Amino acid sequence: MPVRADFQRARNEREKSARRNEILDAADGLLLEAGNERFAISALAARVGVSKSTIFLYFANKEELLLALYARSFLRIVTQLGERLTPGMTGRAFCEAFVDCVMANPSMLLLRSQLASTIERNVTPEVMVATKTEILEYGTALTNRVEAELGLQSGYGIRMQMALINLISGAAQADTSPYLDMESLPEDIADFFQVAETRKVFMNGAEFIFCGATGRPFD
Amino acid sequence: MAIREDFLRPRTDRENAARRAAILDAAEALIRENHHQRFSVNEVAKRVGVSQSTIFLHFRNREELVTTLYIRVGRAFFDAFLGRLHEGMSDTAFCEAFIDAAQEHPCFRLMRPMVMRVVEECLSHEFIHVAVADIVAFRSVASARVEEVLGLTPGQGPILMKGFVNQMCGAVQVDIRTLMAADDMSEAVAAAIRASDFRSSFLSGAELLVKGIRHG
């Protein structure tokens, strides 16, 4: 059954899933604009053009919605990275693809920083396990391909990916460039903050993580 | 000159320094207790037993207090780490020394996300200058010692340290072991959650990084 254009009340599974996605799209936009501290369900409802209670038909609370958004961003990164894998690609090419895909879906990093502290405390165990299972399935499929395409020993794909995700999360956390007006800073201070830029910091560390995991040079 | 017990208004440099330290101690304790929660100057003042305006005699604003404390807890963490290093230790022992120090000194990683958000606001260039110089100084000491202990070439220490700090701060974000009971999930999911435990997740990646630096 097709999705009726401009439906007000979702009547079938397809319309429901379209509405759910629409809510997540709006949440994504709002999160990037407002930051997670000022993220409010009322603002989200206004943006989608529905009532707050409609949002709660799809997600039990704000945390469940953010967890769903986190999972969706994560799966998108995995899918996009999967598309960029080529047999025998260099470590540098792989790590650049990795950082591109992560930066193209910034909600993942934004939400990851509050996973343990808030999101997962307010979500039912069932939802959490379902989310973990989904992420694990997609992640494992990618890991197997990474091991095959890059010629990694079994077990090293997951270690390398986990290390790279931790590295980029830590690097993004210390990246002050979105908060600073570099032009207004004296040069030596600007230099100090510039070297903290996420991509640069990530590539510096990723080179050695890759070499440690594969035993091969980066290029 | 001795510090008078229970002084109300600090009169000497020593008393001033003691008051300043007491304020930082109180703020640190609040962060330790509330974890990720933001702390307010009001709460800090209450705990020290002074008024908010007294706090502002020592720190121009909340941002200066946060940054000053961040530098202090960073130094404490790095000192604890360096204290655990000794010549001839294995790479594994080296990685463990880092994560042990991180677990003993949680304020450094708790404050790291906080401090990035405050640098834009209310910090004078002069203040940032001093802060940056301070951070650079103790990081260089740590990097040099790391190069010495692991027998690395100059320049590799800073890369290693940066990689370690970032991996550690990234690893702690998904440590949800304590939040989940392992009996209602499949073995694969349970195993994945165990592997994302702060310590194991860090050690797994840190060892790859050290190995890679040795290769390169």
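The rules we used
- Residues numbered from 1 in each chain as written.
- Chains lettered and ligands numbered in written order.
- Predicted model: local features only at pLDDT ≥ 70, side-chain atom pairs only at ≥ 80, totals over all residues.
- Heavy atoms only, no water.
- Domains from an automatic or database assignment.
- Contact = heavy atoms within 4.5 Å.
- Buried area = accessible area lost by both parts, 1.4 Å probe.
- Salt bridge = Lys/Arg side-chain N within 4 Å of Asp/Glu carboxyl O.
- Polar contact = N/O pair within 3.5 Å; in protein donor to acceptor, adjacent residues only side chain to side chain.
- Helix = DSSP H or I, 4+ residues; strand = E, 2+ residues; numbered from the N terminus.
- Buried < 20%, exposed > 50% of the residue type's maximum accessible area, 1.4 Å probe, protein only.
- Core = buried A, V, L, I, M, F, W, Y, C linked by side-chain atoms within 4.5 Å.
- Axes fitted to C-alpha atoms, helices over the stretch in contact; angles between N-to-C directions.
- Parallel < 35°, antiparallel > 145°, perpendicular 65-115°, else oblique.
- Disulfide = S-S within 2.5 Å.

Residue and element names in this part refer to chain A. Splitting chain A by domain gives domain 1 (1–58) and domain 2 (61–214). Centre-to-centre, using C-alpha coordinates, domain 1 lies 26 Å away from domain 2. Contacts between the two partners involve 16 residues from domain 1, matched on the other side by 14 residues from domain 2. Overall, the association of domain 1 and domain 2 removes approximately 1200 Å² of surface from exposure, summing both partners, and the carbon and sulfur fraction of that is 65%. At the boundary of domain 1 and domain 2, one finds two salt bridges. We note a salt bridge from Arg72 to Asp25, for which the minimum N-O separation is 2.8 Å. Inspection of the domain 1/domain 2 interface yields four residue pairs in polar contact (both at pLDDT 80 or more).

Side-chain pairing between opposite charges can occur once the charged atoms of the two side chains come close. The full count for this structure, using the stated rule, is 21 salt bridges over all chains. Close ionic contact of A:Arg199 with A:Asp100 constitutes a salt bridge, the shortest N to O distance being 2.6 Å. Here the residue A:Arg199 occupies a position in helix α10 (residues 198–214), and A:Asp100 occupies one in helix α5 (residues 91–104), the gap between them amounting to 99 residues. Look at A:Asp100 and you get partly exposed, because its relative accessible area is 26%. Residues participating in the shared-partner salt-bridge network are B:Asp25, B:Glu28, B:Arg32 and B:Arg72.

Let us look at the nonpolar core. One finds A:Leu44 and A:Leu65 to be the most contacted residues of the largest nonpolar core, which totals 131 residues. Residue contributions to this core peak at twelve residues, all from helix α4 (residues 62–84) of chain A.

Another point: the packing of helix α7 (residues 125–150) of chain B against helix α8 (residues 156–173) of chain B. Residues and elements named next belong to chain B. For the pair α7 and α8, the least separation of the axes is 8 Å and the interaxial angle reads 105 degrees. In terms of orientation, α7 lies roughly perpendicular with respect to α8. When α7 is examined against α8, the residues Ser143, Val146, Glu147 and Leu150 are found in contact with a partner set consisting of Gln156, Gly157, Pro158, Leu160 and Met161.

In this section: the state of the cysteines. Enumeration over the complete set of coordinates arrives at zero disulfides over all chains. Note on A:Cys211: no disulfide assigned, nearest cysteine sulfur contributed by A:Cys95 at a separation of 8.8 Å. Not engaged in a disulfide, the cysteine B:Cys107 finds its nearest cysteine sulfur in B:Cys169; these two sulfurs lie 13 Å apart.

Turning to the domain arrangement of chain B, a few remarks are in order. Residue and element names in this part refer to chain B. Split into domains, chain B comes out as domain 1 (11–58) and domain 2 (62–215). Domain 1 and domain 2 are separated by 25 Å when their C-alpha centres are compared. On the domain 2 side, the residues contacting the 17 residues of domain 1 number 13 residues. Carbon and sulfur atoms supply 69% of the area that domain 1 and domain 2 bury against each other, a total of about 1400 Å² over both sides. Per-residue buried area on domain 1 facing domain 2 is highest for Leu24, Ile31 and Phe39; these three make up 39% of the total on that side.

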